[in-house]
Amino acid sequence: GAIVLQDLRMQDMIELLRNQPIVARAGARVWSGLAGNVGVPKHSTGVSVGWKNETGSSDSSDAGFGLLMLTQHRLTGTTSWTLELIMQTSLDVEAFAREDMMQALAVARDLAAINGSGNAGQPLGISNTTGINSVTFGGAITFGKLVDAETSVLAANVLGTVFAYISTTTTRGKAKQTLEASAAGARWIWQDDRVNGYPGFHTQQVPSNKVIFGHMPDLILADWDGIVVTLDEVTRKKEGIIEVTMHMWADN
């Protein structure tokens with residue numbers, strides 16, 4: 001055993017299995033390089049008109065406006081490695097740590113857009129936003145309930161061409177085994193990663209009891225100042241430890 005060399009094939013490292021960011025892929029808008037708080041005007045109510053007889057006086061009304069404010073929420077993490085690790089491996093440890101942290105930030109950013117609580121520094125995600133239409137399944141996924149969900153969105157006069165579904169992987173699996181109808185030739189509810197003609201995306205970051213459907217560009221992913229990286233070789237120098245910290249500022 002003393003003369004057996006250990007050859008680590010770092011270039012073939014088995015990657016960590018983790019959630020993948022999917023919100024932007026589903027069609028959400030990404031605003032980057034922002035400075036300061038950003039206000040997005042909303043046209044909340046329109047003017048009213050009505051039919052009158054020949055001399056009837058028209059009713060007065062005004063348009064109403066609101067403001068959606070996007071503010072900075074800080075997402076951060078720190079990792080470290082020893083000087084011995086750098087000396088004993090052919091792996092570019094700093095590059096690996098940065099890439100690992102950036103992937104972790106991207107996954108956490110996606111989770112905030114989907115299920116952020118709006119508390120403890122988190123942005124508010126889709127699942128916890130009030131005033132969004134919902135349809136209760138009351139059991140297993142059905143094609144009829146999905147159509148009801150689509151109808152509730154379109155009945156609210158939501159317009160656009162980039163609608164999509166986002167569900168858990170488990171829900172996707174069940175939908176791939178459930179027919180739209182009992183008639184001969186019926187399709188599976190989730191087939192070829194499409195649901196009733198719309199793209200279907202899946203991630204374990206959606207709450208297990210929810211399926212999201214909507215016009216995805218109406219979700220804005222706002223980012224400020226990119227990702228700030230700090231490499232600290234001083235604070236823990238006596239221990240021979242190097243730290244890298246990353247920060248990003250975002251809202252949705």
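Everything discussed here concerns the structure shown above.
Residues numbered from 1 in each chain as written. Predicted model: local features only at pLDDT ≥ 70, side-chain atom pairs only at ≥ 80, totals over all residues. Heavy atoms only, no water.

A. Region of the structure containing the environment of D251. Tracing the backbone through its elements, the reader meets D251 in strand β11 (residues 241-251). The exposure class of D251 is buried, given its relative accessible area of 5%. Residues D251 and N196, spaced 55 residues apart in sequence, show a C-alpha to C-alpha distance of 31 Å. If sequence neighbours within four positions are ignored, D251 has contacts with M69, L70, T71, H73, R109, P123, I220, L221, A222 and W224. (Helix = DSSP H or I, 4+ residues; strand = E, 2+ residues; numbered from the N terminus. Buried < 20%, exposed > 50% of the residue type's maximum accessible area, 1.4 Å probe, protein only. Contact = heavy atoms within 4.5 Å.)

B. Up close: helix α4 (residues 143-155). Compared with the 18 Å implied by 1.5 Å per residue over 13 residues, the 18 Å span of α4 between its first and last C-alpha is a close match. Those residues of α4 that sit buried are L146, A149, E150, S152 and V153. Buried residues in α4, looked at end-on, bunch into an arc of 155°, giving them a common side. Of the surrounding secondary structure, the elements contacted by the buried residues of α4 are β5 (163-167), β7 (194-195), β8 (198-202) and β9 (212-215). Positive backbone phi, at 65°, marks N157, one or two positions downstream of α4. (Expected span 1.5 Å × (residues − 1). Arc of directions from axis to C-beta.)

C. Quick peek at the sheet that holds strand β4 (residues 73-82). Taken in spatial order, the four strands line up as β1-β10-β11-β4 in an open sheet, and their pairing is mixed. Because the sheet does not close on itself, it has two edges, and the strands there are β1 (29-34) and β4. Adjacent strand axes in the sheet meet at a mean angle of 25° when their direction is disregarded. Pairing of strand β10 (residues 220-232) with β11 involves nine bridges; the strand directions are antiparallel. (Pairing = 2+ DSSP bridges. Axes fitted to C-alpha atoms, helices over the stretch in contact; angles between N-to-C directions.)

D. Main features of a nonpolar patch on the surface. The grouping of L83, I86 and M87 at the surface amounts to a nonpolar patch, some 300 Å² of accessible area in total. One can find M87 in helix α2 (residues 83-88). (Patch = residues over 30% accessible without salt bridge, like charges linked within 9 Å, V, L, I, M, F, W, Y side chains within 5 Å. Areas by Shrake-Rupley, 256 points an atom, 1.4 Å probe, with all protein chains shown as cover. Salt bridge = Lys/Arg side-chain N within 4 Å of Asp/Glu carboxyl O.)

E. Examining the packing of aromatic side chains more closely. Counted according to the given criterion, the structure contains five aromatic pairs. Each ring, one from F163 and one from Y198, has its centre 6.0 Å from the other, and the planes form 65°; the classification is edge-to-face. Taken together, the residues F163 in strand β5 and Y198 in strand β8 connect sequence positions 35 residues apart. Owing to a relative accessible area of 21%, Y198 belongs among the partly exposed residues under this scheme. (Phe/Tyr/Trp six-rings, centres within 6.5 Å; stacked < 30°, edge-to-face > 60°.)

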